[in-house]
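Residues per chain are reported as follows:
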Amino acid sequence: MLKLQCKVWPTAARPHPAFPNEQYHWAPIINVRVVHKHSPPTKSIECWVDSGSHVCLFHASVCHSLGIKRVEDGIKEEFGGIFRDPHRPVYFHKVKIIVVSEQFETMAGFSWDLGVTGILGRRGFFQNFVTTIDSSGNPPHVELQKISSH
């Protein structure tokens, strides 16, 4: 079992009126590294753990460090939902995602329009880990238990 600390940051100088007792914000963001074919792993990439996303997504700027010369050479799909414009192109490439000492292979989407560096979704990430987001701790944390493949 992997226990990973969530990203925590202080609230603004004045608390939000709806949440006057909140002293910090937190999010289920973990660091991963990504490999494409025989590329060396990327540096750590902060990724949102997002059960609402059906795929793993990365900002297209990550492609350069993976040796992907043209993001557009991937399998194209137009996405809505996370993008304001419902017809934003996402290009899928086969990658390995490394979480601490565990790794898995998946088709991940890359887009210039993604507002964050990475999102870990159901295909790929949640298929490989039983995931618990525990907000009761200080700091909050994510527990990952690798699902054994038979």
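Structure shown above.
Residues numbered from 1 in each chain as written. Predicted model: local features only at pLDDT ≥ 70, side-chain atom pairs only at ≥ 80, totals over all residues. Heavy atoms only, no water.

**Student:** Where do I start with the pairing of strand 5 (residues 45-49) in this structure?
**Tutor:** Each regular strand carries side chains that alternate between the two faces of the sheet. On strand 5, burial follows the alternation: I45, C47 and V49 on one face are buried, whereas E46 and W48 on the facing-out side are not. Summarising the sheet, strand 4 (residues 29-35) and strand 5 pair through four bridges and their orientation is antiparallel. Counterpart to I30 in the pairing with strand 5 is C47. (Buried < 20%, exposed > 50% of the residue type's maximum accessible area, 1.4 Å probe, protein only. Helix = DSSP H or I, 4+ residues; strand = E, 2+ residues; numbered from the N terminus. Pairing = 2+ DSSP bridges.)

**Student:** In this structure, what is going on with the sheet that holds strand 1 (residues 2-5)? I would like to understand it.
**Tutor:** Picture the strands of a sheet paired through backbone hydrogen bonds; they go either parallel or antiparallel. Strand order in this open sheet of three strands is 1-12-11, and the pairing throughout is antiparallel. Since the sheet does not close on itself, it has two edges, and those belong to strand 1 and strand 11 (129-134), each with one partner. Along the sheet, successive strands turn relative to each other by an average axial angle of 20°, direction set aside. Where strand 1 and strand 12 (residues 141-146) come together, four bridges link them in antiparallel fashion. (Axes fitted to C-alpha atoms, helices over the stretch in contact; angles between N-to-C directions.)

**Student:** What exactly am I supposed to notice about unusual backbone geometry here?
**Tutor:** For residues other than glycine, phi is negative in most cases, and the peptide bonds are mostly trans. Cis geometry marks the peptide bond from N138 to P139; its omega dihedral reads 10°. The residue P139 is located in the loop between strand 11 and strand 12 in this model. Although it is not a glycine, K37 adopts a positive phi angle of roughly 55°. Inspection of the secondary structure puts K37 in the loop between strand 4 and strand 5. For V100, which is not a glycine, the phi torsion comes out positive at approximately 55°. Position of V100 among the secondary structure elements: in the loop between strand 8 (88-99) and strand 9 (102-111).

**Student:** Got a minute to help me understand the nonpolar core in this structure?
**Tutor:** A general feature of soluble globular proteins is that nonpolar side chains tend to end up buried together. Within the largest apolar cluster, 29 residues are counted, with the highest numbers of intra-cluster contacts made by I30, V32, F58, V99 and F125. Breaking this core down by element, the ones donating at least two residues are strand 1, strand 4, strand 5, helix 1 (63-66), strand 8, strand 9 and strand 12. For this core, the element with the most residues is strand 8, which contributes four residues. Dropping the residues within four chain positions of it, F58 is found in contact with V32, V34, I45, C47, I97, A108, G109, F110, S111, L114, T117 and G118. Formed by seven residues, the second largest nonpolar core is a distinct cluster that contains V55, V90, F92 and I119. (Core = buried A, V, L, I, M, F, W, Y, C linked by side-chain atoms within 4.5 Å. Contact = heavy atoms within 4.5 Å.)

**Student:** How should I be thinking about the packing of aromatic side chains in this particular structure?
**Tutor:** By convention here, two paired aromatic rings are described through the distance between centres and the angle between planes. Here the structure, examined in full by the defined rule, presents five aromatic pairs. A centroid spacing of 6.0 Å and a plane angle of 75° characterise the contact between F104 and F129, whose relative ring orientation is edge-to-face. In this pair, F104 is assigned in strand 9 and F129 in strand 11, connecting sequence segments 25 residues apart. On the accessibility criterion, F104 (4% relative accessible area) is buried. (Phe/Tyr/Trp six-rings, centres within 6.5 Å; stacked < 30°, edge-to-face > 60°.)

**Student:** Would you mind showing me how to read the pattern of salt bridges here?
**Tutor:** Here the idea is simple: oppositely charged side chains can pair when their charged atoms come close. Within the structure shown, the criterion is met by four salt bridges. Notably, a salt bridge pairs D73 with R70, separated by 3.1 Å at the nearest N-O pair. A relative accessible area of 54% places D73 in the exposed class. Of the charged contacts in the structure, one is a salt bridge between R88 and D113, with a shortest N-O distance of 3.6 Å. A residue pair is termed long-range when its members are at least 10 positions apart, and R88 in strand 8 and D113 in the loop between strand 9 and strand 10 (118-120) qualify at 25 residues. Of the residues examined, D113 reaches a relative accessible area of 33% and is grouped as partly exposed. (Salt bridge = Lys/Arg side-chain N within 4 Å of Asp/Glu carboxyl O.)

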